[in-house]
Structure formats: structure tokens, C-alpha cells
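Below are the chains, spelled out letter by letter.
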Amino acid sequence: MPRSPLRKDGLGELLARAMGGDEAAYRRFLTEISTVLKPFVMRWTRSGSPSDVEDLLQEVLIAVHQKRHTWRQGEPVMPWLYAIAKYKSIDAHRRRRHHGSVDIGDLAETLDDPTTVPNAVAYDVARAVGSLSGRQKDVVSAISVEGHSIEETAQRFGMTKGAVRVAFHRGLSSIAETFGRK
Amino acid sequence: MKTDQLIDSLVADHAARPRPALLSVWPLAALAMLIDLALFLPTLGPRPDLLSAIGTWRFDAKLLVTGLLAAVSILLLQRLRRPQPARAISRSLKWLLLPALLLALLVGAELLMVPADLWRARAMGTNVVVCLPAITAMGLPLIPLLSEALRRGAPSRPTLSGAVAGLAAGSIAALFYASHCTSDSPLFIASWYGLAIGGLALAGALWGRFVLRW
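Criteria and cut-off values
- Residues numbered from 1 in each chain as written.
- Chains lettered and ligands numbered in written order.
- Predicted model: local features only at pLDDT ≥ 70, side-chain atom pairs only at ≥ 80, totals over all residues.
- Heavy atoms only, no water.
- UniProt positions renumbered as here; feature names shortened; annotations may be inferred.
- Helix = DSSP H or I, 4+ residues; strand = E, 2+ residues; numbered from the N terminus.
- Buried < 20%, exposed > 50% of the residue type's maximum accessible area, 1.4 Å probe, protein only.
- Contact = heavy atoms within 4.5 Å.
- Areas by Shrake-Rupley, 256 points an atom, 1.4 Å probe, with all protein chains shown as cover.
- Core = buried A, V, L, I, M, F, W, Y, C linked by side-chain atoms within 4.5 Å.
- Salt bridge = Lys/Arg side-chain N within 4 Å of Asp/Glu carboxyl O.
- Polar contact = N/O pair within 3.5 Å; in protein donor to acceptor, adjacent residues only side chain to side chain.
- pLDDT = per-residue confidence, 0-100.
- Axes fitted to C-alpha atoms, helices over the stretch in contact; angles between N-to-C directions.
- Left-handed = near helix turned anticlockwise from the far one by under 90°.
- Nonpolar A, V, L, I, M, F, W, Y, C, P; charged D, E, K, R; others polar.

As annotated in an unreviewed UniProt entry, chain B carries the name DUF1109 domain-containing protein and comes from Fulvimarina manganoxydans.

Looking at an unreviewed UniProt entry, chain A carries the name RNA polymerase sigma-70 factor, ECF subfamily, with the source organism given as Fulvimarina manganoxydans. A UniProt comment under Sequence similarities (unreviewed entry) is attached to chain A, and it reads "Belongs to the sigma-70 factor family. ECF subfamily."

Here it is, written out as C-alpha cells:
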């Protein structure tokens, strides 16, 4: 695992600045740890397929975000980070074992090509975004579906970046509430 | 969603929403004691000869063991709130040996001091039928209360942490019950308090397994 000096001590400093409200530091922190955690996460994904690794990595990032207040300033970041990553990896591992997975290689002929057929995910996303109204719908749709940045979205609707963030966040929270997954 | 996009949303969320806060277990433990005091005083209450009992070693020892278990398990809860490497957790758990060793020592002393034909009578005590349900009833409501500190944190071992919450709840309840109960022998404490607190630890483990996962 590559270890630049930044990763050893700098992560704590970045996270401390982020917790103090520095957004750029938080973005950098999350970007850094996704690099740091990737090899760890890879060892926990049985298939090792890039999409599984990405899924688990994202689950870990969300957990780190939701539990960022459990880091104590001045405490080394790494043991804390790996403890979260391990918890989430074991969790995902168990879930997958319970649900099982099927190698779809043999079924390639009979399965639809997901890129050409409107699939369940696209349908769900449309349904989720459709449950919103007004500005929240516009903003969530622009960011999550069309993939615009916050800045672009702000320009497009003539809003401030802060207002876009708030609308985006409220929209996502409302979707989470409606569709029941925290 | 691409990871970059996810990071965008997390950063946005970080700015938009106030950060959640950790909850210390100490105020919860204080509240737990008040609740049990309010349950205990009007129902069972301390034994009438409390003052003279305080002068006897068996009575003091029983308060000491339950109090020590309560203190150690509350301290453990405070640590278990945060994500930790497995090694740090097993190191913390060793503190539980302290009340266990003290109890073993007291049991050993009792076995030496009391003739063997009285062991059985001492272990059965006089009011098992009150002891078990009383500790269980006073302990159960404390499990969700004390667990709140865990739920707002991120315990790496939710089931284990829940069990420790059960130990804390049970030992707080036992501490109050001890001032009511007239069976003071360490043999009685080890068997019946042990059984009641063990049951609560199990209940706590289940609570942890189903409620404290994150």
C-alpha cells in the first residue's frame, strides 16, 4: 500500500480542518481515503470485480461520513478508518453470503443487455426523483441523473451554490424517507 | 453513482447539515440510577437493618462487587462507542476480569469460612423468587437507555457492546437490589445475581444484534 507522508499524519489534519467546517479539506480527505481504502476493500470483495469494489468502497465512504463525529481530534485516523472499513466489509460480506450470487456468464445469451433496455435501476431513479416536486426535483434531477456539478446547476437555475446544496440535500433526505432506506 | 459524485454529495451534506454528536454514557448512567431509584424506593426499598448491615463484610463485599461491575461496564461502554481495532477492544475487555476476580476471591473466602454442609443453604438464600425478577425488571429498561450512547456512536462490535450494556444495566439494578436483599453470602451473589445479570447481558446482546448495527 502506498504511504505518502500525507496519508500518515496529514489525514488527521485534513479531517480536523474538515470538522471545523473546511469543505475543501473534507473533499480532499474523502478523495485521499478512497485511494487508501481501495486495496483494503479489494481484499474483501470475493469477485474483485471493479463494480463490486466500487460499491463496497462507496458503502465505506458513506459510513465514514455518517460516523465522522466518532473520530476524536488528535487520535490517529488510520485505526479508526480501518475499523469502520472492516465493519462495513464484514457486513457486506455476510449480506452477500446470505443472498448468494449467481454467475450470469452462462446466461449471457438469454439476459437483456442492460444498456439498451430500460432497467430497474433507471426506473427506480425516475420514480424516486418523481416523488419530489419543484426546485428539489429540478436540482436532484440535474445533479444525480444528468450528472451536472453543483456549480453548473446553480447557474442553470439562477440559484446560489449554497441554495443548490440545501435543495439537493433536502431532496435526497426526502427520497430516503419515502423509500425507507436510511 | 460514481465515487466522485458520491464524494460531491457527501461534501454537500457535510456543509448542509449540522454534524451529529457523540453522546457520553455518564449522564445516561446517572439517569439510569435515578430511574432505578424511583422504581426501587416505593416498591422494595432498603432492608430495615441497613445501617447495621453496612458494618458486616459480606454486605459491603456485595455492594463492592456489583458497584465495581457497574463502574467497569459503564467505562467499557464509553470506549465501545467508537470504531476500534479488534486488539484495542479485547484489551479493554480485560477490565472485566477485575470484578470477576474479586467475586472469585470472595467465593473462595466464603467456602473456607463456612462448613461444607451449609454451602447449599447459603447459596439458596432466602428470597430467590424476589431476587431474579427484581433485578431483571429494574435492569431491562436501562438497556435501551444506556445503549443510546452506542447507537449514536459506531460500535465495531454491536452484539458485544449490547451485552456490555446489559451488564451495566444488570449491575446498576443489582446494586439497588443488594440494599434490599438479606442474603449476603458471596455464594448467593455469584449464583443468583450472576444469573440475573447474565440474563440481562444476553438480552443486551440481542438488542445490540438487532438495534445497534449501523
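A. Inspection of the overall build of chain B at higher detail. Along the backbone of chain B there are 11 helices and zero strands. Seen in sequence order, chain B has helices and strands lined up from the N terminus as α-α-α-α-α-α-α-α-α-α-α. By residue count, 49% of the 214 residues in chain B fall in the buried class. Sequence-distant contacts, at least 24 apart, represent 86% of the contacts inside chain B between residues at least 6 apart.

B. Structural view of the overall build of chain A. Helix and strand counts for chain A come out as eight helices and zero strands. Counting helices and strands in the order they occur from the N terminus, chain A gives α-α-α-α-α-α-α-α. Burial status across chain A gives 37% buried among its 182 residues. Counting only carbon and sulfur atoms, one obtains 54% of the accessible surface of chain A, whose full area is about 10,800 Å².

C. View of the nonpolar core. With 45 residues, the main nonpolar core has Leu77, Ile135, Leu146, Ile172, Tyr177, Phe188 and Tyr193 of chain B as its most contacted residues. Sequence-distant contacts of Tyr177 of chain B, that is, excluding residues within four places in its chain, are made with Phe40, Leu44, Asn127, Val130, Cys131, Ala134, Ile135, Met138 and Tyr193 of chain B.

D. Fine view of the pattern of salt bridges. On inspection of all chains with the given rule, the structure shows 17 salt bridges over all chains. Asp8 of chain B serves as the salt-bridge partner of Arg27 of chain A, at 2.4 Å between the closest nitrogen and oxygen. Here Asp8 of chain B lies in helix H1 (residues 3-16) and Arg27 of chain A lies in helix H2 (residues 23-44), a pairing that spans two chains. Residue classification places Arg27 of chain A among the partly exposed residues on the basis of a relative accessible area of 33%. Here Asp8 of chain B falls in the partly exposed class, since its relative accessible area comes to 30%. Here Asp91 of chain A makes a salt bridge to Arg213 of chain B, at a shortest N to O gap of 2.6 Å. One end of the pair, Asp91 of chain A, is in helix H4 (residues 77-99); the other, Arg213 of chain B, is in the segment after helix H11 (186-211), on a second chain.

E. How the structure looks around the side chain of Thr66 of chain B. All names here are of chain B. Looking at the element boundaries, Thr66 is found in helix H4 (residues 57-80). Classification of Thr66 by relative accessible area gives buried; the value is 3%. At 3.2 Å, the side chain of Thr66 forms a polar contact with the backbone oxygen of Leu63. Here Thr66 is in contact with Ser171, Ala174, Leu175 and Tyr193, once residues within four sequence places are set aside.

F. Inspection of the confidence of the model for chain A at higher detail. Put simply, chain A has an average pLDDT of 80, and 78% of its residues get 70 or more. Of all secondary-structure elements in chain A, the lowest mean pLDDT belongs to helix H5 (residues 120-130) of chain A, at 68, while H2 of chain A reaches the highest, 94.

G. View of the packing of helix H10 (residues 158-178) of chain B against H11 of chain B. Residues and elements named next belong to chain B. Relative orientation of the contacting elements H10 and H11 amounts to 145°, with a least axis distance of 6 Å. In this structure, the crossing between H10 and H11 has a hand that is right-handed. Along its contact with H10, which presents Pro158, Thr159, Gly162, Ala163, Gly166, Leu167, Gly170, Ser171, Ala174, Tyr177 and Ala178, the element H11 presents Tyr193, Ile197, Leu200, Ala201, Gly204, Ala205, Gly208 and Arg209. Residues that form the contact of H10 with H11 fall into these classes: 11 nonpolar, seven polar and one charged.

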